[in-house]
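Descriptive analysis of the structure
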Amino acid sequence: MPKPKLLLVDDDVTVCYTLAEILNEYGYDCTTETNGLQVLSRLQTELFDAVLLDLMMPEISGIELLQRIKEPFPDLPAIIITGFGSIETAVESMQAGAADFVTKPIDMAVLDIRIKKAIEHEQTRRLAFTDGLTSLANYRSFHTRLQQELERADRYHRPLSLIMLDIDYFKAYNDTHGHPQGDAILAQVAKLLKQTSRSSDMVARYGGEEFALILPETDQASAEALGNRLREEIEQFQFAGEEHLPSKILTISVGIATHGRYASKEALIAAADAELYRAKREGRNRVCAMT
């Protein structure tokens, strides 16, 4: 099993590195960051199982940083570490989204237990929101996250786009090769979608052979660029048995809608879905977006 990856955030270099060394001995893979303002960009490019935040930092407080982290990464467990162990501080941390609260001086055995419990809790919670075949977010999780992102986009006046895509001629593939091979294709397509998208995007299995991608901080032009990259990745990948399809290769059709003109989550989904079916009608293996 891979070691759990932790991001340790503390402006004190000595404390940060010492804590990392000890936690590495406990079986964790630790990365350190001494500049709180760099944390979000770090999380955009690397995947972590949990983050440990010092409460007192010069550039930004631990509570404020925690709130910023929880907006794009609501599922990332965060543990606050502080020398101020008041009930009020603990409550404020938990209200901001912390998974736990640890005071200094740190009892490493206790911290180890709390990190493990926070990660295990998130893994258990994730199972209820994860598609068993593809390991992507499931239908329920997709709707929860999309509502959160819509509210954030409205609150901060930020762009948000939605991609709906579908595997072309998937029924024909299933009929020819059987459901087990069809399931293998779904899992491989899911993997390619995840690899091609950003860590801040949510990739979900919407149902059957249909997938959805929630794209925070993404306008229509950027969403179309990603849609075309996804389409090209699938088109160029060599899938087993694709030569028996009507098109001789396995492809996807993509529909895109960008938040702004739609009053609700349901309207945004309907618009992206309409563009997906337009791509189907116009010949498949293409990207269509509402103009």
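As a reminder, the structure under discussion sits directly above these lines.
Residues numbered from 1 in each chain as written. Predicted model: local features only at pLDDT ≥ 70, side-chain atom pairs only at ≥ 80, totals over all residues. Heavy atoms only, no water.

Quick notes on the overall build of the chain
Heads up, the rule is: Helix and strand definitions follow DSSP, with helices as H or I runs of at least four residues and strands as E runs of at least two, each counted in order from the N terminus. Only protein chains enter the calculation, and the probe is 1.4 Å; a residue is then buried if its accessible area is under 20% of its type maximum, exposed if over 50%, and partly exposed in between. When checking whether two residues touch, look at their non-hydrogen atoms; a contact exists if any pair is within 4.5 Å. Here the Shrake-Rupley method, with its probe set to 1.4 Å, supplies the accessible areas, and only the displayed protein chains count as covering residues. In this tally, Asp and Glu contribute negative charge and Lys and Arg positive charge; neither His nor the terminal groups of the chain are included. Here the site of a charge means atom NZ of a Lys, CZ of an Arg, CG of an Asp or CD of a Glu.
Each helix and strand counted, the chain has ten helices and ten strands in total. Counting only C-alpha atoms and orienting by the principal axes, one finds that the chain spans roughly 65 × 40 × 30 Å. Of all 291 residues assigned to the chain, the portion counted as buried reaches 48%. Put simply, of all contacts in the chain between residues at least 6 apart along the chain, 66% involve residues at least 24 apart. As presented, the chain carries roughly 14,100 Å² of accessible surface, and 51% of it is formed by carbon and sulfur atoms. Taken as two groups, the 31 positive and 44 negative side-chain charges of the chain have centres that lie 5 Å from each other.

With respect to the sheet that holds strand β5 (residues 100–103)
Quick reminder of the rule: Following DSSP output, two strands are said to pair if at least two bridges run between them. Axes here refer to lines fitted to C-alpha atoms; in helices the fit is confined to the stretch in contact. Angles between the N-to-C directions go from 0 to 180 degrees.
An order of β2-β1-β3-β4-β5 is seen for the five strands of this open sheet, with the pairing classed as parallel. Each end of this open sheet is capped by a strand with a single partner; those strands are β2 (29–33) and β5. Sheet twist, expressed as the mean angle between neighbouring strand axes with direction ignored, is 20 degrees. Bridge count between strand β3 (residues 50–54) and strand β4 (residues 78–82): four bridges; the pairing is parallel.

As for helix α10 (residues 265–281)
Quick note on the threshold: Working rule for helices: expected span equals 1.5 Å times residues minus one.
Taking 1.5 Å per residue, 17 residues should reach 24 Å; α10 reaches 25 Å between its end C-alpha atoms and fits that length. Those residues of α10 lying buried are Lys-265, Leu-268, Ile-269, Ala-271, Ala-272, Glu-275, Leu-276, Ala-279 and Lys-280. Elements that come into contact with the buried residues of α10 comprise α6 (139–156), β6 (160–167), β7 (202–207), β8 (210–216), β9 (252–258) and β10 (287–289). Two residues or fewer after α10 comes Gly-283, characterised by a positive phi angle close to 125 degrees.

Examining the pattern of salt bridges
Spelled out, the test is: Within this document, salt bridges are pairs made up of a side-chain nitrogen of Lys or Arg and a carboxyl oxygen of Asp or Glu, the two lying within 4 Å of each other.
Here the structure, examined in full by the defined rule, presents 25 salt bridges. A salt bridge links Arg-155 to Glu-71; the nearest nitrogen and oxygen atoms lie 4.0 Å apart. Here Glu-71 lies in the loop between α3 (62–70) and β4 and Arg-155 lies in helix α6, a separation of 84 residues in the sequence. Where Arg-231 meets Glu-232, a salt bridge forms, and the shortest distance between an N and an O atom there is 3.9 Å. Relative accessible area serves as the criterion here: at 13%, Arg-231 is assigned to the buried category. When salt bridges that share partners are traced, they join Arg-145, Glu-149, Arg-152, Arg-158 and Glu-217 into one network.

Observations concerning the packing of aromatic side chains
So the rule is basically this: Centres within 6.5 Å make a pair out of two Phe, Tyr or Trp rings, where for Trp the six-membered ring is used; the pair is then stacked when the planes are under 30 degrees apart, edge-to-face when over 60, and tilted otherwise. Any Lys NZ or Arg CZ that is within 6 Å of a ring centre and within 35 degrees of that ring's normal is treated as a charge sitting over the ring.
Taken as a whole and judged by the stated rule, the model has three aromatic pairs. The interplanar angle of 55 degrees and the centroid separation of 5.1 Å between the aromatic rings of Tyr-139 and Tyr-206 together place this pair among those described as tilted. Highlighted residues: Tyr-139 in helix α6 and Tyr-206 in strand β7, separated in sequence by 67 residues. Assessed through its relative accessible area of 44%, Tyr-139 is described here as partly exposed. Between Phe-237 and Phe-239, the aromatic rings sit 4.8 Å apart at their centres with planes inclined by 55 degrees, giving tilted as the arrangement. In this structure Phe-237 comes out as partly exposed when scored by relative accessible area, which is 30%. Aromatic rings pair up to connect Tyr-139, Phe-142 and Tyr-206 into one cluster. Above the plane of the ring of Phe-48 lies Lys-5, whose end atom (NZ or CZ) is 5.1 Å from the centre. Across from the ring centre of Tyr-169, 4.3 Å away, lies the NZ or CZ of Arg-284, which sits over that ring.

Comments concerning the sheet that holds β6
If you trace the five strands from one edge of the open sheet to the other, you get β7-β8-β6-β9-β10, paired in mixed fashion. Each edge of the open sheet carries a strand with a single partner, namely β7 and β10. Going from strand to strand, the sheet's axes swing by 20 degrees on average, the running direction of each strand aside.

Some points on the pairing of β8
A large share of β8 lies buried, amounting to seven of its seven residues. Residue alternation in β8 divides its side chains into two sets, Glu-210, Ala-212, Ile-214 and Pro-216 and Phe-211, Leu-213 and Leu-215, and both sets are buried. As paired elements, β6 and β8 share seven bridges and run antiparallel to each other. Note that in β8 the partner of Leu-160 across the bridge is Pro-216. The hairpin formed by β7 and β8 contains two residues between the paired strands, and Gly-208 there has a positive phi angle of roughly 55 degrees.

Describing the nonpolar core
Nonpolar side chains in soluble globular proteins generally cluster together in the buried interior. Filter applied, for reference: Here, nonpolar core refers to any group of buried Ala, Val, Leu, Ile, Met, Phe, Trp, Tyr and Cys residues whose side-chain atoms link them within 4.5 Å.
Counting 27 residues, the largest nonpolar core has Ile-163, Leu-165, Ile-167, Val-189 and Phe-211 as the members making the most contacts within it. Elements with a minimum of two residues in this core: β6, α7 (170–177), α8 (179–196), β8, α9 (220–236) and β9. It is α8 that provides the largest number of residues to this core, a total of six residues. Within the second largest apolar cluster, 22 residues are counted, among which are Leu-53, Ile-63, Leu-66 and Phe-101.

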